[in-house]
Amino acid sequence: MQVTSLSLDAFKEMDYWAVEKYNLSVVLMMENAGLQLARLVAKRATKNSVVTIGIGNGNNGGGGLVAALRLAAWGFNVNLDLAVSITKDLPKAQLKKALLFGAKEGIPEKTDIWVDAYLGFSQRLPLSDAFIKSIALANTSSAFKISLDIPVGISKDGELFGFKANQIMTLAAPKTILEKLPSGVEVFVADIGIPKSVYEHFNIKMPNFSENQLISL
């Protein structure tokens, strides 16, 4: 019997297996995730919307930076909350491009859409003070809130005590940790390029990405 969602440990294994067996590029998956995130944000935004994207020093932050450069290229007002120093090669390269495309560093006085790309499925609790500060600013703002993959600060039992997301765009497959979210949180699953045979190997049905690369669960 196929499972309907994956634990974070199972998804880590799925992600690693896809890269190792199919030589699937981490950069390609990051680019795909960022494009899908930008599309989700653009559906919510207007031409006058102020967008803030929270960035961490990892692949999740890299995906947020891809979304930032895409949104900036489309003419949106994009701001970057660099919660920590960006020192790793992939997010550092994406940050350079995002700034060239017109994204700006810093948190504006008012944000209409706040995107959480601070930390991904490898996040560890407790969070550092830098992330706690950013989450507090986001949660007390009136911004519509969107998380990339899983919200920063979510616990293993599903209780959300960190970033209070209105929408979550999770990557590749549904995650079990998201099943106990508060009612009203909308979850999407996004295609990042993992082939069907990988889903079959991990006994989970592949979402119908051939018809839509961003599916509401």
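Model, not experiment: these values are computed from the prediction.

Analysis parameters
Residues numbered from 1 in each chain as written. Predicted model: local features only at pLDDT ≥ 70, side-chain atom pairs only at ≥ 80, totals over all residues. Heavy atoms only, no water. Helix = DSSP H or I, 4+ residues; strand = E, 2+ residues; numbered from the N terminus. Expected span 1.5 Å × (residues − 1). Buried < 20%, exposed > 50% of the residue type's maximum accessible area, 1.4 Å probe, protein only. Polar contact = N/O pair within 3.5 Å; in protein donor to acceptor, adjacent residues only side chain to side chain. Salt bridge = Lys/Arg side-chain N within 4 Å of Asp/Glu carboxyl O. Axes fitted to C-alpha atoms, helices over the stretch in contact; angles between N-to-C directions. Parallel < 35°, antiparallel > 145°, perpendicular 65-115°, else oblique. Left-handed = near helix turned anticlockwise from the far one by under 90°. Contact = heavy atoms within 4.5 Å. Nonpolar A, V, L, I, M, F, W, Y, C, P; charged D, E, K, R; others polar. Core = buried A, V, L, I, M, F, W, Y, C linked by side-chain atoms within 4.5 Å. Phe/Tyr/Trp six-rings, centres within 6.5 Å; stacked < 30°, edge-to-face > 60°. Lys NZ or Arg CZ within 6 Å of the ring centre and 35° of its normal.

Engineer: Account for helix α2 (residues 26–44), naming residues and giving values.
Structural biologist: The end-to-end C-alpha distance of α2, which contains 19 residues, comes to 27 Å, matching closely the 27 Å that a straight helix rising 1.5 Å per residue would cover. Listing the buried residues of α2 in full gives Met29, Met30, Ala33, Gly34, Leu35, Gln36, Leu37, Ala38, Leu40 and Val41. Measuring from the side-chain oxygen of the N-cap residue of α2 to the backbone nitrogen of Val27 gives 3.1 Å; that N-cap residue is Ser25.

Engineer: Hey, could you go over the pattern of salt bridges for me, with residue numbers and the actual values?
Structural biologist: Counted according to the given criterion, the structure contains three salt bridges. Note that Lys97 is salt-bridged to Glu31, the shortest N-O span being 3.5 Å. Of this pair, Lys97 sits in helix α4 (residues 89–101) while Glu31 is found in helix α2, placing the two residues 66 residues apart along the sequence. Given a relative accessible area of 33%, Lys97 falls into the partly exposed group. Among the ionic pairs, Lys175 bridges to Asp149, the shortest N-O distance being 3.1 Å. Of the two residues, Lys175 sits in the loop between β6 (167–171) and β7 (186–190) while Asp149 sits in the loop between β5 (144–148) and β6, which places them 26 residues apart along the sequence. Just as Lys175 is buried, Asp149 falls in that class too.

Engineer: Go over the packing of helix α3 (residues 59–73) against α4, please, and point to the residues and values.
Structural biologist: In the contact formed by α3 and α4, the axes pass within 8 Å of each other and the chain directions differ by 15 degrees. Taken together, the axes of α3 and α4 are roughly parallel relative to one another. Here α3 and α4 pass one another in a crossing that is left-handed. Of the residues in α4, those in contact with Asn59, Gly62, Leu65, Val66, Ala68, Leu69, Ala72 and Ala73 of α3 are Leu90, Pro91, Gln94, Leu95, Lys97, Ala98 and Phe101. Considering only residue class, the contact of α3 with α4 consists of 11 nonpolar, three polar and one charged.

Engineer: A description of the nonpolar core should follow, citing residues and the corresponding values.
Structural biologist: By size, the foremost hydrophobic cluster in this structure holds 70 residues, and its most contacted members are Ile53, Met169 and Ile194. The residues contacting Met169, other than those within four sequence positions of it, are Ala33, Gln36, Leu37, Leu40, Ser147, Leu148, Asp149, Phe188, Ala190 and Leu214.

Engineer: Any details on the packing of aromatic side chains? Residues and values, ideally.
Structural biologist: Ring pairs (aromatic) are described by centroid distance and by the angle formed between their planes. Inspection of the entire model under this criterion finds four aromatic pairs. Ring centres 6.0 Å apart and planes at 80 degrees place the aromatic pair Tyr118 and Phe131 in the edge-to-face group. On the criterion of sequence distance, the pair formed by Tyr118 in the loop between β4 (113–117) and α5 (129–140) and Phe131 in helix α5 is long-range, its members being 13 residues apart. Judged on exposure class, the residue Tyr118 and its partner Phe131 are both buried. What links up through ring pairs into an aromatic cluster is the set Trp17, Tyr22 and Phe202. Above the plane of the ring of Phe144 lies Arg44, whose end atom (NZ or CZ) is 3.8 Å from the centre. Here Lys175 stacks its cationic end above the ring of Phe11, 4.1 Å away from the centre of that ring.

Scope: geometric values only; no functional claims are made or implied.
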